[in-house]
Amino acid sequence: MLGYDHLEFHWTGHDGFRIVDTKSGRIIYIDPYQLTNKQKGRKDADIILISHNHFDHLSNEDLKDLANSSTEIVTANECIEKLQGLPTNKITALKPGEKTLVKGVAIEAIRAYNINKKFHPKGDNKIGFVIAIDNHRIYHAGDTDIIPEMEGLNPDIAMLPVSGTYVMTADEAAKATNEIIKPSKVAIPMHYGTIVGSKEDADKFKTLVKVCQVTVLEKE
């Protein structure tokens with residue numbers, strides 16, 4: 001777990017996170033997939049963010065363990081049909097560049113795509129997120145390569161894929177962090193240890209990033 005001011009960041013594996021705002025009590029999940037027994041059955045999500053429609057990001061099996069009748073989901077347009085039937089209060093679809101306010105949390109959809117691979121085409125409008133809680137800006141990059149849309153996001157905390165194959169390699173993610181994103185506080189590697197990539201990718205990313213602290217989280 002990473003504690004930053006009144007926010008707690010728990011890595012649930014792959015691209016998944018559980019963010020707890022200890023001041024307000026709000027709980028935000030991002031891309032839950034293959035939850036551990038510790039996380040299953042919580043049904044405590046205030047907000048769930050889903051970056052795109054691939055099975056390792058949109059997992060209805062895992063969503064059912066977290067969602068309840070007051071949960072609000074924010075997601076890419078391509079996910080809407082797959083989310084029908086979940087016990088949620090509201091589902092909001094965003095295109096890249098669009099913004100919404102959910103339970104006092106400002107959420108902006110940031111484009112996420114491949115530039116030299118076919119897995120995440122730009123035209124699909126898959127997304128990452130900038131989440132603003134009080135004065136804290138959190139960037140979850142989704143599944144992406146280094147792209148111009150990373151410029152000017154000014155996050156305090158950034159979560160970046162490092163496994164290669166479908167997303168950036170550790171070297172590419174470090175380059176994006178050092179030269180474009182430049183988080184003011186912390187970078188957190190993700191997208192490893194499940195389908196592709198290993199902790200070695202996360203550790204390599206940590207050695208290469210120079211502009212901020214890097215925290216490699218343990219899966220909870």
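What you see is a predicted model, and the numbers here were worked out from it, not measured in a lab.

### Examining the packing of helix α2 (residues 170-181) against helix α3 (residues 199-208)
And then number 1: It is the contact of α2 with α3, at a shortest axis distance of 9 Å, that shows an interaxial angle of 35 degrees. The two elements α2 and α3 meet at a crossing, and its hand is right-handed. Two secondary-structure elements touch here, α2 through Ala170, Asp171, Ala173, Ala174, Thr177 and Asn178 and α3 through Asp201, Lys204, Phe205 and Leu208.
And then number 2: In terms of residue class, the contact of α2 with α3 is made up of five nonpolar, two polar and three charged.

### Remarks on the sheet that holds strand β14 (residues 213-214)
And then number 1: The seven strands lie next to each other as β8-β9-β10-β11-β12-β13-β14, forming an open sheet whose pairing is mixed. Each of the sheet's edge strands pairs with one partner strand only, and the pair in question is β8 (99-102) and β14.
And then number 2: Packed onto the sheet, α3 meets β12 (157-161), β13 (186-190) and β14 and runs at close to 155 degrees relative to β13.

### Quick notes on the sheet that holds strand β6 (residues 72-76)
And then number 1: Pairing is mixed in the open sheet, where seven strands are placed in the order β1-β2-β3-β4-β5-β6-β7. In the strand order of this sheet, the two ends are held by β1 (2-4) and β7 (90-94), each with one partner. If you compare each strand with its neighbour and ignore which way they point, the axes differ by 20 degrees on average.
And then number 2: Pairing geometry for strand β4 (residues 27-30) and strand β5 (residues 47-50), over three bridges, is parallel. Along β5, the bridge assignment pairs Ile30 with Leu49.

### A few points about the pattern of salt bridges
And then number 1: Summed over the entire model, instances satisfying the criterion amount to 12 salt bridges.
And then number 2: Across the pair Glu78 and Lys126 runs a salt bridge whose closest N-O atoms are separated by 2.8 Å. With a gap of 48 residues between them, Glu78 in the loop between β6 and β7 and Lys126 in the loop between β9 (105-111) and β10 (127-133) connect regions that are remote in the sequence.
And then number 3: One salt bridge connects Lys199 with Asp203, and the closest N-O pair in it is separated by 3.1 Å. One end of the pair, Lys199, and the other, Asp203, are both in helix α3, four residues apart, so they sit about a helical turn from each other.
And then number 4: Classification of Asp203 by relative accessible area gives partly exposed; the value is 32%.
And then number 5: Among the charged side chains, a salt-bridge network with shared partners connects Arg18, Arg42 and Asp44.

Calculation notes
Here, residues in each chain are numbered from 1, in the same order as that chain's written sequence. Local features in a predicted model are, by the rule used here, given only for residues with pLDDT of at least 70; side-chain atom pairs are given and counted only at 80 or more, and totals for whole chains, interfaces and linings are based on all residues. To obtain the side-chain values, all non-hydrogen atoms of the structure were used and water was disregarded. Axis angles are defined between N-to-C directions and span 0 to 180 degrees, where every axis is a line fitted to C-alpha atoms and, for a helix, only to the segment in contact. Strands here mean DSSP runs of E at least two residues long; helices mean DSSP runs of H or I at least four residues long; both are numbered from the N terminus. Two helices that cross are described as forming a left-handed crossing if the nearer one is turned anticlockwise from the farther one by less than a right angle, and a right-handed crossing if clockwise. By the convention used here, residues are in contact when the closest approach between their heavy atoms is within 4.5 Å. Three residue categories are used. Nonpolar comprises Ala, Val, Leu, Ile, Met, Phe, Trp, Tyr, Cys and Pro, charged comprises Asp, Glu, Lys and Arg, and polar comprises the others, including Gly. Two strands qualify as a pair provided that DSSP identifies no fewer than 2 bridges between them. Salt bridge, as used here: a side-chain nitrogen of Lys or Arg that lies within 4 Å of a carboxyl oxygen of Asp or Glu. Under the scheme applied here, a residue whose accessible area is under 20% of the maximum for its type counts as buried, over 50% as exposed, and between as partly exposed, the area being computed with a 1.4 Å probe on protein chains only.

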